[in-house]
Number of protein chains: 2
Amino acid sequence: MVKIITIARGMGSGGRTIGKMLSEELGYKYYDKDLIRLASEESGISEAFFGRVDEKIKTSFIKRNGIYKGGVIDPSSREFTSDKNLFNFQAKIIKQLADKEPAVIVGRCADYILQDRTDVLRLFIYCDKETAVRNVIEAYGNDEKEAARLVEKTDKDRSFYYKYYTGRDWQNAMNYNICLDTSRLDYATCVRIIRGYIDIVSE
Amino acid sequence: MVKIITIARGMGSGGRTIGKMLSEELGYKYYDKDLIRLASEESGISEAFFGRVDEKIKTSFIKRNGIYKGGVIDPSSREFTSDKNLFNFQAKIIKQLADKEPAVIVGRCADYILQDRTDVLRLFIYCDKETAVRNVIEAYGNDEKEAARLVEKTDKDRSFYYKYYTGRDWQNAMNYNICLDTSRLDYATCVRIIRGYIDIVSE
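Overview of the structure. Nothing here was measured: the structure is a model prediction, and the numbers come from that model.

Here is what the cut-offs are and how they apply
Residues numbered from 1 in each chain as written. Chains lettered and ligands numbered in written order. Predicted model: local features only at pLDDT ≥ 70, side-chain atom pairs only at ≥ 80, totals over all residues. Heavy atoms only, no water. Least-squares fit on C-alpha atoms with pLDDT ≥ 70 in both. Contact = heavy atoms within 4.5 Å. Axes fitted to C-alpha atoms, helices over the stretch in contact; angles between N-to-C directions. Helix = DSSP H or I, 4+ residues; strand = E, 2+ residues; numbered from the N terminus. Left-handed = near helix turned anticlockwise from the far one by under 90°. Nonpolar A, V, L, I, M, F, W, Y, C, P; charged D, E, K, R; others polar. Core = buried A, V, L, I, M, F, W, Y, C linked by side-chain atoms within 4.5 Å. Buried < 20%, exposed > 50% of the residue type's maximum accessible area, 1.4 Å probe, protein only. Buried area = accessible area lost by both parts, 1.4 Å probe. Salt bridge = Lys/Arg side-chain N within 4 Å of Asp/Glu carboxyl O. Polar contact = N/O pair within 3.5 Å; in protein donor to acceptor, adjacent residues only side chain to side chain.

Description of the relation of the copies chain B and chain A
So, point 1. After a rotation of 180 degrees and a shift along the axis of 0.0 Å, chain B superposes on chain A with an RMSD of 0.0 Å. Such a turn and shift between the copies fits a two-fold axis.
So, point 2. Interface residue correspondence from chain B to chain A reaches 100%, placing this contact among same-surface, isologous pairings.

Encoded structure:
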């Protein structure tokens, strides 16, 4: 039985759209930026502050302080107490949401946070650079150079965020149950493939 | 249209069995060790010699000769001419086989070798360590410690071989169209999921 679907996704891959479509078809809750808002409201810390650290960690700061060593995070690093607290708080919220009702959760290392559950389908949605750039141009109207830079930067930030909090490589298939390249598929087709998987394992 | 299916697979994940099942159901040719035999016969070099370098490269030798630097292979390295020739020869054979008729090709960096074709479905089949060890014990009758060592060593060799010839990370999802974790699925179910994908993209 698949109760929770976590989605890690490359910029421009359609992962967010696919997550939204899945949640609608399955009648599952959908959490993305809403999650930050929820966490923010409950904790009373302003969303702006959450927004600032969300999936972005200043590399230079980390390197300067020597905290990030070969992907292993030293939990005792005092310099990082506040960011770590923030992550732990979001992790707590994600666990509570997963306990409550079926949900699709996009980003935020949810696959890692919920790794002890057996009812989680962990997806990684990605595409080739060319497709990602084309999708970003279509969605946001950037020119090609801007779009390429945005894809590269966003994926780099996500990869770094994931590595920092989980110690794992974001694009490594082993973290996920299915990884799906959307380069040659439309989103409805992706949803059908994933639903096909869910139906089969739920038999 | 999917004419060629390439399968990269973790030791004990069932990737080979799934490949065999797919080839039988779809009426595609199946190539695995046979490929080496074919290559060997055509070239006249003994199979034993092919067998020795196949998916195993002596790390110490490479390190000693300073050829392997950050995953980039220097094609001019004289020390490696013979292994490189061997790989190039196998690559040529794989391309010829793919041109000839529909086929499932397991291992041998076939995904990378055939990357310019648009009719290739590139699969990565894997599972968690626990499942891999259990499968190896069942298949070969090793004790648990031996099986764990075999899984670890084989995957390390495959990863190294892939990195050496492609410059890419073997477990990185971006190399493949679908990555499938078999830990919680039987092989027939995996075949159904993959065939579901093939049917949908072939519509």
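Text resumes after the structure shown.
What to know about the packing of helix 7 (residues 129-140) of chain A against helix 8 (residues 144-166) of chain A
All names here are of chain A.
So, point 1. At a minimum axis separation of 9 Å, helix 7 and helix 8 run at an interaxial angle of 115 degrees. Considering how the two elements wind past one another, helix 7 and helix 8 form a crossing that is right-handed. Contacts from Lys129, Ala132, Val133, Val136 and Ile137 in helix 7 reach Glu144, Ala147, Ala148, Leu150, Val151 and Glu152 in helix 8.
So, point 2. In terms of residue class, the contact of helix 7 with helix 8 is made up of eight nonpolar, no polar and three charged.

Some details on the nonpolar core
So, point 1. Counting 56 residues, the largest nonpolar core has Ile105(A), Cys179(A), Ile105(B) and Cys179(B) as the members making the most contacts within it.
So, point 2. In contact with Ile105(A), not counting residues within four places along its chain, are Ile4(A), Ile5(A), Thr6(A), Ile7(A), Tyr31(A), Leu35(A), Ile94(A), Ala110(A) and Leu114(A).
So, point 3. Counting residues in each nonpolar core, the second largest holds 44 residues, with Val106(A), Leu121(A), Leu185(B) and Cys190(B) among its members.

Brief notes about the side chain of Asn172(A)
So, point 1. Among the secondary structure elements, Asn172(A) is positioned in the loop between helix 8 and strand 7 (178-181).
So, point 2. Residue Asn172(A) is classed as buried on the basis of its relative accessible area, which comes to 15%.

Things to note about the interface of chain B and chain A
So, point 1. The interface is formed by 26 residues belonging to chain B together with 26 residues belonging to chain A.
So, point 2. Where chain B abuts chain A, roughly 2200 Å² becomes buried across the two surfaces, and 53% of that area is made up of carbon and sulfur atoms.
So, point 3. Together, Met174(B), Arg184(B) and Ile200(B) form the three largest contributors to the area buried by chain B at its contact with chain A, with a combined 24%.
So, point 4. Seen at the junction of chain B and chain A, the total is two salt bridges.
So, point 5. Between Asp181(A) and Arg122(B) there is a salt bridge, with the nearest N and O atoms lying 3.8 Å from each other.
So, point 6. Summed over the shared surface of chain B and chain A, the number is 15 residue pairs in polar contact (both at pLDDT 80 or more).

Function cannot be read off these values alone, since they describe shape.
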